[in-house]
Amino acid sequence: MNWIAPRIDRIEVPPVGDERALLEAWLDHHRQTLLLKCAGLTADRLKLRAVEPSSMSLLGLVRHMAEVERSWFRRRFTGEPVGFLYRDPETNPDGDFDDVDTADAEADFATFAREIELARAATAGHSLEETFHHSRRNTDMSLRWVYLHMIEEYARHNGHADLLRERIDGVTGA
C-alpha cells in the first residue's frame, strides 16, 4: 500500500492574545499550512520536483523544515549536541532537498512532527528575551528572534509549496 500524506485541520490564529501565544499560534499555523499543502498526496507525488530545474519538492520542504526546526530550537537555542537529519554541511549541504528519490516519506513526516514536539519542549518555560550566542554569526540572538525567523522561513517556503502543489495537481488555496 502506498502511503498518503494525512489530511489535517488547520487551527486558525486567534485575533487577540499575548505576544508569546500569538507567536506560537502563527508558527503552528505555518507548520500546519505546509502539511496542508502535502495532504492527500502519495509519497511519489510528494517527491516530484515540479518546478524545473529546482531540486525542491514538497517532501524536500518537509525534510528541510524538520532540519530548520532542529537547528534553531535545539542546536542553537538550547545548545543540544544534535547532528543533522538529512544533510552534511561539508559533503551534502542540500541533502534535505536532493536526496528525496529514495526517501521514506512516512518516516520523514514522522520526523518533522517529532522535531516540532522537541522544539516546543526546548522552548517551554523560556522567556522570549532569553538569548544564546550564534557562533557562525558571532552575535547574541533572542528566542523572540527565532520565533519571528521561523515564521518568516515557513511563510517563504509555504509560498514555494503553493506553487509545487498547484503544478502537481492543480490544487490551490489555503
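The sections below set out a description of the structure shown in this document. (Residues numbered from 1 in each chain as written. Predicted model: local features only at pLDDT ≥ 70, side-chain atom pairs only at ≥ 80, totals over all residues. Heavy atoms only, no water.)

Considerations on the packing of helix H3 (residues 58-77) against helix H5 (residues 105-123)
Move 1: At their nearest, the axes of H3 and H5 sit 9 Å apart, and the two run at 25° to each other. Judged on the interaxial angle alone, H5 and H3 are roughly parallel. The way H3 lies across H5 gives a crossing that is left-handed. Contact residues: H3 offers Leu59, Val62, Arg63, Met65, Ala66, Glu69, Arg70, Phe73, Arg74 and Phe77, while H5 offers Ala105, Asp108, Phe109, Thr111, Phe112, Glu115, Ile116, Leu118, Ala119, Ala122 and Thr123.
Move 2: Grouping the constituent residues of the contact of H3 with H5 by class yields 13 nonpolar, 2 polar and 6 charged. (Axes fitted to C-alpha atoms, helices over the stretch in contact; angles between N-to-C directions. Helix = DSSP H or I, 4+ residues; strand = E, 2+ residues; numbered from the N terminus. Parallel < 35°, antiparallel > 145°, perpendicular 65-115°, else oblique. Left-handed = near helix turned anticlockwise from the far one by under 90°. Contact = heavy atoms within 4.5 Å. Nonpolar A, V, L, I, M, F, W, Y, C, P; charged D, E, K, R; others polar.)

Notes on the pairing of strand E2 (residues 139-142)
Move 1: Judged from the 4 bridges that link them, strand E1 (residues 131-134) and E2 form a sheet pairing that is antiparallel. Bridge pairing in E2 places Thr131 opposite Ser142.
Move 2: Hairpin remark: E1 followed by E2, antiparallel, with 4 residues in the connecting loop; positive phi at Asn138, about 50°. (Pairing = 2+ DSSP bridges.)

Details of the packing of aromatic side chains
Move 1: Taken as a whole, this structure holds 4 aromatic pairs when the rule is applied.
Move 2: Ring geometry for Trp72 against Trp145: centres 5.1 Å apart, planes inclined by 50°, an arrangement best described as tilted. Separated by 73 residues along the polypeptide, Trp72 in helix H3 and Trp145 in helix H6 (residues 143-169) bring together distant segments of the chain.
Move 3: Lying across the ring of Phe84, Arg75 places its NZ or CZ 4.1 Å from the centre. (Phe/Tyr/Trp six-rings, centres within 6.5 Å; stacked < 30°, edge-to-face > 60°. Lys NZ or Arg CZ within 6 Å of the ring centre and 35° of its normal.)

Details of the nonpolar core
Move 1: Formed by 42 residues in total, the largest nonpolar core has its most connected members in Leu46, Leu58 and Met150.
Move 2: Put simply, the parts of the chain that give this core at least two residues each are helix H1 (19-38), helix H2 (43-46), H3, H5 and H6.
Move 3: Considering each element in turn, this core owes the most residues, 10 residues, to H3.
Move 4: Dropping the residues within four chain positions of it, Leu58 is found in contact with Lys37, Cys38, Leu41, Leu46, Leu48, Ala161, Leu164, Arg165 and Ile168. (Core = buried A, V, L, I, M, F, W, Y, C linked by side-chain atoms within 4.5 Å. Buried < 20%, exposed > 50% of the residue type's maximum accessible area, 1.4 Å probe, protein only.)

Thoughts on the pattern of salt bridges
Any two side chains of opposite charge can pair, given that their charged atoms come close.
Move 1: Overall, the coordinates contain 16 salt bridges when judged by the stated rule.
Move 2: Here Asp108 and Arg63 are joined by a salt bridge, their closest N and O atoms 3.0 Å apart. With Asp108 in helix H5 and Arg63 in helix H3, this pair connects stretches of sequence that are 45 residues apart.
Move 3: Using a relative accessible area of 5% as the deciding quantity, one classes Arg63 as buried.
Move 4: Ionic pairing is found between Arg156 and Glu152, a salt bridge with its closest N-O pair at 3.1 Å. Of the two residues, Arg156 and Glu152 both sit in helix H6, 4 residues apart, roughly one turn of that helix.
Move 5: Its relative accessible area of 37% is what places Glu152 among the partly exposed residues.
Move 6: Salt bridges sharing common partners tie together Asp28, Arg31, Glu69, Glu117 and Arg120. (Salt bridge = Lys/Arg side-chain N within 4 Å of Asp/Glu carboxyl O.)

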